[in-house]
Amino acid sequence: MSFYTLIFNKDMSSKKASLMILFSTIILSISIIAVNFIVDPYQFFHKSLFDQAFFSKKQRYQTPGIIKNYRADNYLVGTSMSENFSGREAEKIFGNGAFRQITISGMKPKEYSTILKYIIKHGHPKTIFIDIHWYFESLKTGIKNEQFDFPTYLYSESWLEQFKYLANHDVFMNSMRLMFGDIQEEFSSDLDTLNFWMEEDDFEEYNSVENLQTLKSELRSYFKTYNAKTIIESNYKYPNIDKYLKPIFLRHPKIKFILFFPPYSTWYYAASKSREFGRRLIYLRKYVADIANSFKNVEVHGFDLEFDIVNDLRNYKDYGHYRQRINTLILKKIHAKSNIINLQNSSDYLKKMIH
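Analysis parameters
- Residues numbered from 1 in each chain as written.
- Predicted model: local features only at pLDDT ≥ 70, side-chain atom pairs only at ≥ 80, totals over all residues.
- Heavy atoms only, no water.
- Patch = residues over 30% accessible without salt bridge, like charges linked within 9 Å, V, L, I, M, F, W, Y side chains within 5 Å.
- Areas by Shrake-Rupley, 256 points an atom, 1.4 Å probe, with all protein chains shown as cover.
- Salt bridge = Lys/Arg side-chain N within 4 Å of Asp/Glu carboxyl O.
- Lys, Arg positive; Asp, Glu negative; His and termini not counted.
- Charge placed at Lys NZ, Arg CZ, Asp CG, Glu CD.
- Helix = DSSP H or I, 4+ residues; strand = E, 2+ residues; numbered from the N terminus.
- Phe/Tyr/Trp six-rings, centres within 6.5 Å; stacked < 30°, edge-to-face > 60°.
- Buried < 20%, exposed > 50% of the residue type's maximum accessible area, 1.4 Å probe, protein only.
- Lys NZ or Arg CZ within 6 Å of the ring centre and 35° of its normal.
- Pairing = 2+ DSSP bridges.
- Axes fitted to C-alpha atoms, helices over the stretch in contact; angles between N-to-C directions.
- Contact = heavy atoms within 4.5 Å.
- Expected span 1.5 Å × (residues − 1).
- Bend = angle between axes of the 7 residues up to and from the residue.
- Parallel < 35°, antiparallel > 145°, perpendicular 65-115°, else oblique.
- Left-handed = near helix turned anticlockwise from the far one by under 90°.
- Nonpolar A, V, L, I, M, F, W, Y, C, P; charged D, E, K, R; others polar.
- Right-handed = clockwise from strand over helix to strand, strands pointing away.

1. Considering a negative patch on the surface
- Taken together, the side chains of E199, D201, D202, E204 and E205 make up a negatively charged region of the molecular surface.
- Secondary-structure assignment places D201 in helix 7 (residues 200-206).

2. Regarding the packing of aromatic side chains
- Overall, the coordinates contain 26 aromatic pairs when judged by the stated rule.
- Taking 6.0 Å as the distance between ring centres and 50° as the angle between the ring planes, the aromatic pair formed by F45 and Y165 counts as tilted. Of this pair, F45 sits in the loop between helix 1 (3-39) and strand 1 (54-55) while Y165 sits in helix 5 (residues 159-166); the two residues are 120 residues apart in sequence, bridging distant segments of the chain.
- On the basis of relative accessible area, Y165 is assigned to the buried category, the value being 0%.
- One aromatic cluster is present, built from ring pairs that chain together F37, Y42, F44, F45, F55, Y61, W159 and Y165.
- The ring of F44 has K68 lying over it, and the distance from NZ or CZ to the ring centre is 3.6 Å.
- The residue whose ring lies beneath K317 is W197, and the NZ or CZ to ring-centre distance is 5.0 Å.

3. Some details on the sheet that holds strand 3 (residues 99-103)
- The parallel open sheet is built from five strands, whose spatial order is 3-2-4-6-7. Sheet topology places strand 3 and strand 7 (298-302) at the edges, where each strand pairs with a single neighbour. Averaged over all pairs of adjacent strands, the angle between their axes in this sheet comes to 20°, without regard to strand direction.
- In terms of strand pairing, strand 6 (residues 256-261) meets strand 7 through five bridges, oriented parallel. Paired with L259 across the two strands is V300, which belongs to strand 7.
- Those strands touched by helix 15 (residues 324-336) are strand 4 (127-131), strand 6 and strand 7, and its axis lies near 130° from that of strand 6.

4. A word on the pattern of salt bridges
- Scanning the model with the defined rule gives 15 salt bridges in all.
- Ionic pairing is found between K126 and D73, a salt bridge with its closest N-O pair at 3.8 Å. Note that K126 is positioned in the loop between helix 4 (109-122) and strand 4 and D73 in the loop between helix 2 (59-69) and strand 2 (74-78), a separation of 53 residues in sequence.
- With a closest N to O distance of 3.5 Å, D192 and R88 form a salt bridge. Of this pair, D192 sits in the loop between strand 5 (187-188) and helix 7 while R88 sits in helix 3 (residues 87-94), and the two are 104 residues apart along the sequence.
- When salt bridges with common partners are traced through the structure, they connect R88, D190 and D192 into a single cluster.

5. What to know about helix 13 (residues 275-292)
- Look at helix 13: 26 Å from first C-alpha to last across 18 residues, which is about the 26 Å you get at 1.5 Å a residue.
- Of all bends in helix 13, the biggest is about 30°, found at Y283.
- Most of helix 13 sits inside the fold, with 14 of its 18 residues counted as buried.

6. Focus on the packing of helix 3 against helix 15
- Contact pair helix 3 / helix 15: the axes reach a minimum separation of 10 Å and the direction vectors enclose 30°. Considering the angle they form, helix 3 stands roughly parallel to helix 15. In the crossing of helix 3 with helix 15, the sense of the turn from one axis to the other is right-handed. Contact with helix 3, carried on its side by E89, A90, I93 and F94, involves Q324, T328, L331, K332, I334 and H335 of helix 15 and no other residues of that element.
- When grouped by side-chain class, the residues that make up the contact of helix 3 with helix 15 number five nonpolar, three polar and two charged.

7. Looking at the pairing of strand 3
- The buried fraction of strand 3 amounts to five of the five residues, a majority that puts the element mostly inside the structure.
- Of the two faces of strand 3, the one holding F99, Q101 and T103 and the one holding R100 and I102 are both buried throughout.
- Of the pairings in the sheet, the one linking strand 2 to strand 3 comprises five bridges and is parallel in character. Bridging from a neighbouring strand, L76 pairs with Q101 of strand 3.
- Regarding topology, helix 3 serves as the crossover connection from strand 2 to the parallel strand 3, and that connection is right-handed.

See below:
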């Protein structure tokens, strides 16, 4: 056998191996894409085939699919402060159609904007309730929550971007888990209670006699008080409100936006990291209420004057997060319009809040 024949056969064998590898890679890729599309673990393209299994610990990944495939008339957008609202309960209280809570722990203002725009485009809402978290106090815009990965490609309208989901290895692994029944505590079949974090043990531990005594002792060392006149006469600006919320209110006049300030405990302000932060956070209520006067479709509600709640740490599991029954109270009072803050009463609201 000649040297030429040996080289030629070797090249042919190498080419055949390369083609086999390429063919196998293509088949594997197509298989992954097909499985991810059919199983669709985050329900991005369609509802789940597996008893509506939702990922409770992948909120930023799960949200687009919920918005597109489980539409409602009314949406609540918020952070962990709002995760214990019940859509079913809200439907009974308001009686104006389906209610869906879209809550994401640690959601920053820029994420709020992304979620709101996605709801408006794909959910076609009549009303959107918005939990105004303290993150809106910041002078910096565009801040990311470094604790969580935000899959921007799932919120894109580009098919090329969305393809990243179908070709994603982690998505494939979750598809396989669903297919083989490896469903553990991070999965839920109940969309209404998907993000509930209520654990009575947390409240009992926080409200133990020993812990409350320790908290009150610590508070004495760094307790902060505020002057109502100084705060009311301030001229604070809130670029996150101006950049991420106002344009949405302006562009969608037919949608009713109901903003509300959750009832952080009195101790939250007393123990805030600085007086300036506390002042800005308090004045944020007046700022939002005053600018809402420019929009016929925006309503603002505050719950800081519910003193039987905010002055009693037994209602909390930390300085801010409150019991589930308080969510019910918030819904009922929003429906009754009993806690509205507006241009006319915003200064008095702050005075009463600080008193």
